[in-house]
Amino acid sequence: MMKKEILERYERADSGEIIIDVSTQKVEDLYSKFDKKSHFLKKDLNQDLVEYIIDCAMEIGEEKFIICFNFESQIEDTSALKLQNSVNRFFLYLQEHERTKMKDMLKKSVTLLFIGAFIATISVFMHQSELMNRSIGYAVMAEGLTVAAWVSLWEALATFLIKWVPYKKKISLYKRIANAKIRFNFNAK
């Protein structure tokens with residue numbers, strides 16, 4: 001029921017896609033103002049715009065959508081094309097950034113898995129040694145290695161089973177946004 005109420009907040013195109021409306025006076029407003037010397041089309045998208053598009057896309061879920069930019073006056077065709085390319089490239093960049101973070105996390109997980117397995121092997125051999133019953137320091141060290149092995153193995157397992165899922169969801173979301181249709185309206189008030 002809640003999902004239907006959320007979707008009713010959005011207008012739909014004649015083709016049935018949900019419309020994510022973005023209204024502004026001029027194209028320059030859609031870009032970051034941090035770099036004052038670069039031409040606006042070479043800048044990153046405005047962070048508020050990026051967050052708004054991401055929030056809308058997350059809110060509508062798997063529904064197909066169009067991003068509609070509404071301007072108060074006509075913009076040049078080249079600016080419209082460059083804006084379309086900027087949106088596409090920026091979200092492809094975010095997608096690749098998340099993919100890199102996920103790969104780094106998985107590499108760390110594999111490393112932890114091997115370290116944990118190595119420490120566990122040493123721990124098993126230490127537990128089988130006759131020194132286990134003769135030296136309290138040796139026994140404490142063997143138990144400490146067992147705990148360290150379990151911690152390392154647990155972290156690796158948690159990553160394999162759980163931690164990669166948010167990255168995968170973000171990658172999918174950014175891909176949907178990068179591939180979204182973009183439309184332009186003029187004289188929107």
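Whatever comes next refers back to the structure up there.
Because the structure is a prediction, the values reported are computed rather than measured.

Trainee: Explanation requested: the packing of aromatic side chains in the structure shown.
Mentor: Any pair of aromatic rings gets described here by the distance separating the centres and the angle formed by the planes. Tallied over the entire structure, the rule returns 6 aromatic pairs. Between the aromatic rings of Phe71 and Phe186, the centroid separation amounts to 6.3 Å while the plane-to-plane angle is 20 degrees, which identifies the pairing as stacked. Residue Phe71 is found in strand β2 (residues 65-71), and its partner Phe186 is found in strand β3 (residues 181-186); the two are separated by 115 residues along the sequence. Classification of Phe71 as buried rests on a relative accessible area of 0%. On the numbers, 6.2 Å between centres and 50 degrees between planes, the contact of Phe91 with Tyr174 is tilted. Here Phe91 is found in helix α3 (residues 77-128), whereas its partner Tyr174 is found in helix α5 (residues 136-178), with 83 residues between them in sequence. Taken as a pair, Phe91 and Tyr174 share a single burial class, namely buried. Three or more aromatic residues joined by ring pairs form one cluster here, namely Phe69, Phe71, Phe184 and Phe186.

Trainee: I'm lost on the layout of surface pockets in this one. Help?
Mentor: Empty space among the atoms becomes apparent when a probe as large as a water molecule is rolled across them. The computed volume of the largest pocket comes to approximately 270 Å³. Around the largest pocket sit Ile54, Ala57, Met58, Gly61, Glu62, Pro166, Lys169, Lys170, Ser172, Leu173, Tyr174 and Arg176, which together line it. Element by element, the count of residues in the lining of the largest pocket is highest for α5, at 7 residues. Of the residues in the lining of the largest pocket, the class split is 6 nonpolar, 2 polar and 4 charged.

Rules used in this analysis
Residues numbered from 1 in each chain as written. Predicted model: local features only at pLDDT ≥ 70, side-chain atom pairs only at ≥ 80, totals over all residues. Heavy atoms only, no water. Phe/Tyr/Trp six-rings, centres within 6.5 Å; stacked < 30°, edge-to-face > 60°. Helix = DSSP H or I, 4+ residues; strand = E, 2+ residues; numbered from the N terminus. Buried < 20%, exposed > 50% of the residue type's maximum accessible area, 1.4 Å probe, protein only. 1 Å grid on protein atoms, 1.4 Å probe; cavity = no way out; pocket = protein on both sides within 12 Å on 5 of 7 lines; lining within 4 Å. Points joined across faces, edges and corners; volume = space filled by probe spheres on them. Nonpolar A, V, L, I, M, F, W, Y, C, P; charged D, E, K, R; others polar.

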